[in-house]
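Take a look at the letters that make up each chain.
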Amino acid sequence: MIQEKRLINEFLDFVRIGSPSGKEGKFSEVVAEKLNALGVKVILDKVGSLIGSDGSNIIAKIEGNNLPPLLLNAHLDTVTPGENINPNISEGVIKSDGTTILGSDDKAGVAIIFEVLRVLKENHLSHPPIDVVFTLSEEIGLLGAKNLDYSLLDAKYGYSLDSEKVDVITTSAPSHNKIFVKIYGIESHAGAKPEKGISAIEVAGRAISKMKLGRIDEETTANIGKIKGGSATNIVAGYAELEGEARSHSEQKLEQQTQHIIQCLKDAVQESKKIVNGEPLLARIEEKTTREYTKFNIPSSAPVVQKAINAGKKIGLEIRTGKGGGGSDANIFNEKGIPTAVLGIGMQNVHTKQESIKVQDLILGAKLLLEICKS
Ligand SMILES: [Zn+2]
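Conventions we followed
- Residues numbered from 1 in each chain as written.
- Predicted model: local features only at pLDDT ≥ 70, side-chain atom pairs only at ≥ 80, totals over all residues.
- Helix = DSSP H or I, 4+ residues; strand = E, 2+ residues; numbered from the N terminus.
- Buried ≥ 20, exposed ≤ 12 C-beta atoms within 10 Å, placed from the backbone.
- Contact = placed C-beta atoms within 7 Å.
- Domains from an automatic or database assignment.
- Nonpolar A, V, L, I, M, F, W, Y, C, P; charged D, E, K, R; others polar.
- Core = buried A, V, L, I, M, F, W, Y, C linked by C-beta atoms within 7 Å.
- Pairing = 2+ DSSP bridges.
- Axes fitted to C-alpha atoms, helices over the stretch in contact; angles between N-to-C directions.
- Expected span 1.5 Å × (residues − 1).
- Arc of directions from axis to C-beta.
- Parallel < 35°, antiparallel > 145°, perpendicular 65-115°, else oblique.
- Left-handed = near helix turned anticlockwise from the far one by under 90°.

1. As for the overall build of the protein
Logical step 1: For the protein, the count of helices and strands is 10 helices and 20 strands.
Logical step 2: A buried classification covers 45% of the 375 residues belonging to the protein.
Logical step 3: For the protein, contacts bridging at least 24 residues in sequence account for 76% of all contacts bridging at least 6.

Right, here's the structure in full:
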């Protein structure tokens with residue numbers, strides 16, 4: 001029932017409309033028009049102006065049978081470089097021309113949802129009421145989902161179409177803290193009076209060298225991703241700043257790792273202590289931790305998971321559950337009380353110029369979602 005050509009062509013059309021985070025305006029217009037053409041109720045919210053985007057979150061309300069309402073979600077934005085994308089198909093694989101990402105993350109999700117809505121309508125198939133939610137700026141902190149008006153939704157469970165392998169349903173994701181640190185050293189002439197300075201860069205270096213980073217254990221990761229500081233080679237650096245993160249499927253481990261990073265910095269500050277002319281000199285830090293999103297963990301026995309596994313069986317696809325390493329809009333939907341699992345849609349090497357998707361996987365993703373909606 002899935003019309004493969006229509007699905008592929010629509011996916012290619014979507015990819016050609018660049019929509020890097022913040023610049024989803026054109027794409028959200030096209031998506032809203034297409035939903036209108038399907039004759040469903042479409043709501044465009046004002047969240048874009050709040051989060052610095054020229055687009056809107058889009059909610060479509062589709063009537064259905066008496067079963068519990070279902071949420072289908074994909075995000076409208078892509079990472080960069082995500083404009084002037086020129087997709088091509090070779091040997092069943094869709095890629096960009098190598099100068100940009102492809103944008104299958106998450107336009108494959110958007111295209112699959114459209115194809116399934118069309119097939120449900122054309123064939124008069126019975127399905128639950130569906131809330132379709134297309135979000136803004138997922139890639140830069142789940143901003144669309146975080147600011148959505150949840151009173152507009154009726155869904156009792158849902159699926160975000162936003163991960164890689166079609167035969168894996170992601171049922172858990174970690175919590176994520178971001179850590180911002182400002183290090184204040186003491187400036188001094190690096191040639192004439194180096195002993196009177198305390199280098200913020202040295203403090204940063206000493207702290208980082210003591211930090212456990214990377215994969216901490218099977219549930220926890222950590223990274224210092226940004227560093228900048230100093231003003232000139234002949235000045236002992238008076239200032240440096242770091243940005244890092246920690247993620248864990250365990251709140252306790254996340255807290256431990258976050259504190260560990262901060263403690264390494266505090267230790268390095270203490271070690272920076274100097275006595276100059278009888279006066280103690282010390283660097284100092286200001287640190288701030290923010291919660292990006294909170295973990296979820298849906299049991300395998302939950303209806304949202306079982307429904308997907310059973311739908312897979314009907315199309316000869318054995319689906320297993322998987323753990324996610326990153327956040328997605330599903331974290332926010334789960335926080336808001338809508339158990340939402342993440343479906344794979346075939347995208348590969350996302351967030352790189354080598355991103356690709358197999359035509360067969362795109363079709364398989366659509367077949368799976370259709371079975372889920374029918375069941
Ligand atoms: Zn994505």
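2. Considering the domain arrangement of the protein
Logical step 1: For the protein, the assigned domains are domain 1 (4-173 + 295-374) and domain 2 (176-293).
Logical step 2: Taking only C-alpha atoms into account, the centre of domain 1 sits 39 Å from that of domain 2.
Logical step 3: The partner domain 2 presents 4 residues to the 8 residues of domain 1 that form the contact.
Logical step 4: When its residues are assigned to classes, the side of domain 1 that touches domain 2 shows 2 nonpolar, 4 polar and 2 charged.

3. Some remarks on the nonpolar core
If you look at soluble globular proteins, the nonpolar side chains tend to sit buried side by side.
Logical step 1: Core analysis: the largest hydrophobic core is formed by 73 residues, its most contacted members being Ile-112, Ile-113, Val-116, Ala-341, Leu-343 and Leu-369.
Logical step 2: Among the elements that take part in this core, helix α4 (residues 104-122) stands out by supplying 10 residues, more than any other.
Logical step 3: Once you skip the residues sitting within four places of it in the chain, Ile-113 turns out to touch Leu-72, Ala-74, Val-132 and Leu-161.
Logical step 4: Core analysis: the second largest hydrophobic core is formed by 21 residues, Ala-200, Ala-237, Val-269 and Ala-283 among them.

4. Some details on the sheet that holds strand β9 (residues 175-184)
Logical step 1: If you walk across this open sheet you meet the 5 strands as β10-β11-β12-β9-β15, and the pairing is antiparallel. Of all strands in the sheet, those with a lone pairing partner are β10 (214-217) and β15 (284-293), marking the two edges. Shown here is a sheet whose adjacent strand axes are inclined to one another by a mean of 20 degrees, direction ignored.
Logical step 2: Pairing analysis gives 10 bridges linking β9 to strand β12 (residues 239-248), with the strands arranged antiparallel. Each residue of the ladder has a partner; that of Lys-182, found in β12, is Glu-241.

5. Regarding unusual backbone geometry
Logical step 1: Cis geometry marks the peptide bond from Thr-80 to Pro-81, where omega comes out at -10 degrees.
Logical step 2: Along the chain, Pro-81 falls in the loop between β3 (70-75) and β4 (88-90).
Logical step 3: Residues other than glycine seldom take positive phi values, yet Ser-137 does so here, at roughly 45 degrees.
Logical step 4: Relative to the helices and strands, Ser-137 is located in the loop between β6 (130-135) and α5 (143-147).
Logical step 5: On the neighbour-count criterion, Ser-137 (28 C-beta atoms within 10 Å) is buried.

6. Some points on helix α10 (residues 359-374)
Logical step 1: Here α10 contains 16 residues, and its C-alpha end-to-end distance of 23 Å stays within 8% of the 22 Å for a straight helix at 1.5 Å per residue.
Logical step 2: All buried positions along α10 are accounted for by Asp-361, Leu-362, Leu-364, Gly-365, Ala-366, Lys-367, Leu-368, Leu-369, Leu-370, Ile-372 and Cys-373.

7. Re the environment of Val-79
Logical step 1: If you trace the backbone, Val-79 turns up in the loop between β3 and β4.
Logical step 2: Taking the C-alpha atoms as reference, Val-79 lies 27 Å from Tyr-157; in sequence the two are 78 residues apart.
Logical step 3: Once residues within four sequence positions are removed from consideration, Val-79 is found in contact with Pro-20, Ile-101, Glu-139 and His-351.

8. Regarding helix α1 (residues 4-16)
An α-helical turn contains 3.6 residues, so a residue and the one three or four places further along point in the same direction.
Logical step 1: With 13 residues, α1 extends 19 Å from end C-alpha to end C-alpha; this agrees with the ideal 18 Å at 1.5 Å per step.
Logical step 2: Turning to α1, its buried residues are Leu-7, Phe-11, Phe-14 and Val-15. Around the axis of α1, the buried residues are gathered within 100 degrees of arc, so they sit on the same side. Of the exposed residues in α1, those oriented more than 90 degrees away from the buried face are Lys-5 and Asn-9.
Logical step 3: Residues of α1 that are buried in the fold lie against α4 and α10.

9. Observations concerning the sheet that holds strand β19 (residues 347-348)
Logical step 1: Across the sheet, 4 strands lie side by side as β4-β5-β20-β19; this open sheet has antiparallel pairing. Looking at strand neighbours, the two that pair on one side only are β4 and β19, the edges of this open sheet.
Logical step 2: Pairing of β4 with strand β5 (residues 93-95), which is carried by 3 bridges, proceeds in the antiparallel orientation. Within β5, the residue paired with Ile-89 across the bridge is Ile-94.
Logical step 3: Each of β4, β5 and β20 (356-358) touches α10; the most contacted strand, β20, lies at about 70 degrees to it.

10. Some points on the packing of helix α6 (residues 200-210) against helix α7 (residues 251-271)
For any two helices packed against each other, one specifies the inter-axial angle together with the distance between the axes.
Logical step 1: At a minimum axis distance of 8 Å, the contact between α6 and α7 shows a crossing angle of 135 degrees. If you check the angle between α6 and α7, you find them oblique. As for the relative orientation of α6 and α7, their crossing is right-handed in sense. Where α6 abuts α7, its residues Val-203, Arg-206, Ala-207 and Lys-210 lie against Cys-264, Leu-265, Asp-267, Ala-268, Val-269 and Glu-271.
Logical step 2: Class assignment of the residues belonging to the contact of α6 with α7 gives a composition of 6 nonpolar, no polar and 4 charged.

11. Quick notes on the pairing of strand β7 (residues 157-163)
Logical step 1: Buried residues dominate β7, accounting for 7 of its 7 residues.
Logical step 2: Summarising the sheet, β3 and β7 pair through 4 bridges and their orientation is parallel. Bridging from a neighbouring strand, Leu-70 pairs with Tyr-157 of β7.
Logical step 3: The sheet contact formed by β7 and strand β18 (residues 340-344) spans 5 bridges and is parallel. Following the sheet pairing, Tyr-159 is matched in β18 by Ala-341.

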